[in-house]
Amino acid sequence: MKIKFSNKMMKDYDAYIFLVHEGKKDLNKLEHFLKIKLNKKIQNEFEGKINQNVNMYVQSQGKVYHIILGGLGKKEKDNNIFSEVLRKKTGKCIKMIRDTKANRIMVSLYNVNKQYVKSQIVGALLANYFQINNKGKKAKKKMKQNMISELCFFNPNAKYSSSIKKMIQETVPITNVVNRMRDLINEPANKLNPETYVQYLTKYIRERKLPIEIEVYLEDKLDKMGMHSFTSVGKGSQIKGKSRMVILKYMGKNKPKSQEKYHISEVSHKVIKRDDDVFNNGETEVSKSGGGRSSIKSKKSIKKSRKKIVNQSSKQSSKQSSKQSSKQSSKKISKRSRTKSSSQSAPYVLVGKGITFDTGGISIKTSRKMYEMKSDMAGSAVVLGVILALAHLKAKVNLISILAIAENMPSKTATRPGDVVTSLSGKTVEIVDTDAEGRLVMADCLTYAEKKYKPKALIDIATLTGFQDSLSCGYFSNVMGFNKDLNEKIIESGNISGERIVELPLYPDFDEHLDSSVADLKNVSLGCRSGAITAGKFLSNFVSKKTPWAHLDIAGPAWSSSKEEYTEKEGTGVGIRLLIEFLMNN
């Protein structure tokens, strides 16, 4: 789809979208721009109320105009609330057009306010998403015919033409990535598993030559590193290599001149080229115009050995990267200046849960809606989407995204309820419920990220608990953490992006609900029903309080059972725009 901007009302488009407040003033503007006269029936019946939308045809001077009116209601003073109104209304109007043969659409921008302009662009482009990858040939053909091929945004103020074009260029890569991540979340588990997931993302990065380094660790390597909490989840999988930890690095802030366009570090993993690609749904182009059991507790020696393994792994990785950079650059940086530069350019680190299918393992789920568990990797899709978008935008941000990828399946090799594993931190975990698997993969990744990268901020995101879905009804996500400033910034970013997020407490009172009689922790509380909070409390045991850390549970809004104004059924891609807003403005 092509995206354009014009400060002149072009009369050769198939349809025109106008958003109007209550009253006749905005309708008069519409008549002026198109040189038309609305009939009295429309003028009397359409009042511009928030729940009003009109799809109509108007004839004037021998030409028929297809016009969609969206009511904005009374003027809203809160910019964030009104931005969401603009997103929803623009998206709604786009969807009213999709089932017609109108392919070239002109959208009138409300005004030149940056937040409002970007909101309308987001609403329009996300609403034009079709879940097409797994349809048959006939269905694909029909859906492609209904797709909008060109969008032209209109505002008569020529003074702001260049700034609006810049807003379009900044927004389109983000919406493109959100729609591709929707494809990924919606991909069935027989096509997207831990192995193919890595192949898909590697292919995407390589083909677009994005400046992102890739490291892939398979189960055998993860076990050697001491990440047994992580690998316990994928033990029942029949996929070769089972679990995978993928580390993506984008150093956009203090990127050395000698850095390659991309670098693939394949640790115990060979990337296989594939012809099929989940990211094939077309991208938008910006036009140049218990009891007597013995206790298994962690000891200092275990903690020391785990720490040693992490340090050894860090040294090995840094040696590999330093060898490559030394070949490309002849400059020698002193230890003092290198330390100073390192502190200034500390990266943000995102950790995403990537369970490509969650049966619950031995603690198997009920069959009703189990098919939705193909989306249990949505958190990893978010952190992948964020780093891809920032790379496309060439953002001046240092970011590391860690994808904790596994498949939770029941089999004779699967982890059993009651098993005890030792995490990378050295803490032991009693797995009382194998369906509380997300926190197990995330815990080791948090430990790894904190110790290796010493991040500016560490944020994990996951479809972690059913409780969050019940709590939110899909209307908001939740944030937890001990750093008040970080939580507030994330909440504000959610308000600006329209991806609302609400803070939940991590009171010390919840600690007792994770006490185990045989290990340091158990992975789920059997008594406390605040599952989202106890899950966050569990993860807090694997991050020190000196590190700014936040846990985001997106279980509710990550999946939609119905079509909304600018989302479709199934995967929504929620969290990507929120985190980009946070990273770009903090």
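Presented here is an overview of the structure given in this document. (Residues numbered from 1 in each chain as written. Predicted model: local features only at pLDDT ≥ 70, side-chain atom pairs only at ≥ 80, totals over all residues. Heavy atoms only, no water.)

This part covers the sheet that holds strand β6 (residues 150-154). Here seven strands make up an open sheet; going across it, the order is β3-β4-β2-β5-β6-β1-β10 and the pairing mixed. Both outer strands of the open sheet, β3 (53-60) and β10 (285-286), are each paired with one neighbouring strand and no more. Inspection of the sheet shows β3 paired to strand β4 (residues 63-73) by eight bridges, in the antiparallel sense. Looking at the pairing, Tyr 57 lines up with His 66 of β4. In the packing of helix α3 (residues 79-98) onto the sheet, contacts are made with β2 (15-21), β3, β4, β5 (104-108) and β6, and the angle to β4 comes to roughly 150 degrees. In the packing of helix α6 (residues 161-186) onto the sheet, the strands contacted are β1 (2-6), β6 and β10, and the crossing angle to β1 comes to about 160 degrees. (Pairing = 2+ DSSP bridges. Helix = DSSP H or I, 4+ residues; strand = E, 2+ residues; numbered from the N terminus. Contact = heavy atoms within 4.5 Å. Axes fitted to C-alpha atoms, helices over the stretch in contact; angles between N-to-C directions.)

Membership of the largest hydrophobic core comes to 91 residues, with the highest contact counts inside it found for Leu 151, Phe 153, Tyr 197, Leu 248, Val 386, Ile 490 and Leu 552. Top element by residues in this core is helix α12 (residues 378-393). It accounts for 11 residues. Setting aside chain neighbours within four positions, we find Leu 248 in contact with Leu 201, Ile 205, Ile 212, Glu 213, Ile 214, Leu 384, Ile 387, Leu 399, Ile 400, Ser 401 and Leu 403. Counting 46 residues, the second largest nonpolar core, distinct from the first, contains Met 227, Met 245, Ile 400 and Ala 462. (Core = buried A, V, L, I, M, F, W, Y, C linked by side-chain atoms within 4.5 Å. Buried < 20%, exposed > 50% of the residue type's maximum accessible area, 1.4 Å probe, protein only.)

All right, on to the sheet that holds strand β14 (residues 428-431) then. The three strands lie next to each other as β13-β14-β18, forming an open sheet whose pairing is mixed. The sheet is open, and its two borders are formed by β13 (419-422) and β18 (521-522), each paired with just one other strand. Pairing between β13 and β14: four bridges, direction antiparallel. Within the sheet, the bridge partner assigned to Val 420 lies in β14 and is Glu 430.

Space inside the largest cavity adds up to approximately 70 Å³. Taken together, 13 residues form the lining of the largest cavity, with Ser 232, Val 233, Asn 408, Thr 415 and Thr 434 sitting closest to its centre. Classifying every residue of the lining of the largest cavity by side-chain character gives six nonpolar, six polar and one charged. (1 Å grid on protein atoms, 1.4 Å probe; cavity = no way out; pocket = protein on both sides within 12 Å on 5 of 7 lines; lining within 4 Å. Points joined across faces, edges and corners; volume = space filled by probe spheres on them. Nonpolar A, V, L, I, M, F, W, Y, C, P; charged D, E, K, R; others polar.)

Inspection of the entire model under this criterion finds 10 aromatic pairs. Measuring from ring centre to ring centre gives 5.7 Å for Tyr 348 and Phe 582, while their planes differ by 75 degrees; the resulting arrangement is edge-to-face. Of the two residues, Tyr 348 is situated in strand β11 (residues 348-358) and Phe 582 in helix α17 (residues 576-584); the sequence distance between them amounts to 234 residues. The exposure class of Tyr 348 is buried, given its relative accessible area of 7%. A network of ring pairs unites the aromatic residues Phe 82, Tyr 110 and Tyr 116 as a single cluster. The positively charged end of Arg 208 is found above the aromatic ring belonging to Tyr 204, 3.7 Å away from the centroid. Taking the ring centre of Phe 542 as reference, the NZ or CZ of Lys 427 above it sits at 5.9 Å. (Phe/Tyr/Trp six-rings, centres within 6.5 Å; stacked < 30°, edge-to-face > 60°. Lys NZ or Arg CZ within 6 Å of the ring centre and 35° of its normal.)

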